[in-house]
Amino acid sequence: MSVVWLIIIGAAAGFLATRVMRIELGLVQTMALGIAGAVIGGLVLRLLIAVTGALAGLVGAVLGAMLLLWLWQVYNRR
């Protein structure tokens, strides 16, 4: 069940992160970005705050996805 939850939260996080940062990506890229951001943000957030729960996971996933988007923008310009 945790993999399904990760996909759902990741897809939502990718969508929110692309909208906040005003970047247009395809559906697959948005979902992949959100899932990767969910993994990164979830790990970082749990290490720093040690808070569990759906809201903390969503916040961490959005922050992780935004970090990946920012890195993608920085290195894609070259």
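This text follows the structure it describes.
Residues numbered from 1 in each chain as written. Predicted model: local features only at pLDDT ≥ 70, side-chain atom pairs only at ≥ 80, totals over all residues. Heavy atoms only, no water.

> Explanation requested: the overall build of the protein chain in the structure shown.
Looking only at helices and strands, the protein chain has three helices and zero strands in total. Going from N to C terminus, the protein chain has its helices and strands arranged as α-α-α. Out of the 78 residues in the protein chain, the part that is buried amounts to 28%. Total accessible area on the protein chain stands at roughly 5,300 Å², and carbon and sulfur atoms take up 73% of it. (Helix = DSSP H or I, 4+ residues; strand = E, 2+ residues; numbered from the N terminus. Buried < 20%, exposed > 50% of the residue type's maximum accessible area, 1.4 Å probe, protein only. Areas by Shrake-Rupley, 256 points an atom, 1.4 Å probe, with all protein chains shown as cover.)

> For this particular structure, what's the right way to read the side chain of Thr30?
Along the chain, Thr30 falls in helix H2 (residues 27–48). Leaving out residues up to four positions away in the same chain, Thr30 has contacts with Gly14, Phe15, Thr18 and Leu25. (Contact = heavy atoms within 4.5 Å.)

> I'm lost on helix H1 (residues 2–20) in this one. Help?
Helical geometry note: an α-helix holds 3.6 residues per turn, so side chains three or four residues apart project in the same direction. Between its terminal C-alpha atoms H1 stretches 26 Å, which fits the 27 Å expected from 19 residues at 1.5 Å a residue. Of all the positions in H1, only Ile9, Gly10, Ala13, Gly14, Ala17 and Thr18 are classed as buried. Buried residues of H1 fall within an arc of 160 degrees about the axis and therefore sit on the same side. (Expected span 1.5 Å × (residues − 1). Arc of directions from axis to C-beta.)

> Any chance you could explain the side chain of Thr18 here in plain terms?
Counting through the fold element by element, Thr18 comes out in helix H1. One polar contact links Thr18 to Arg19, side chain to side chain, over a distance of 3.3 Å. With residues up to four places along the chain from it excluded, the contact list for Thr18 reads Ile23, Leu25, Thr30, Leu33 and Leu69. (Polar contact = N/O pair within 3.5 Å; in protein donor to acceptor, adjacent residues only side chain to side chain.)

> Can you help me understand the environment of Gly60 in this one?
Among the structural elements, Gly60 can be located in helix H3 (residues 54–76). By relative accessible area, which is 2% here, Gly60 ends up buried. Along the primary structure Gly60 and Val44 are separated by 16 residues, whereas in three dimensions their C-alpha atoms are 7.5 Å apart.

> Where do I start with a nonpolar patch on the surface in this structure?
Together, Ile40, Val44, Leu67, Trp70, Leu71 and Tyr75 give the surface a local cluster of nonpolar side chains, amounting to about 550 Å² of exposed area. Secondary-structure elements contributing two or more residues to the nonpolar patch are H2 and H3. Sort the elements by how many residues they give to the nonpolar patch and H3 lands first, with four residues. Take Leu67: it is sitting in helix H3. (Patch = residues over 30% accessible without salt bridge, like charges linked within 9 Å, V, L, I, M, F, W, Y side chains within 5 Å. Salt bridge = Lys/Arg side-chain N within 4 Å of Asp/Glu carboxyl O.)

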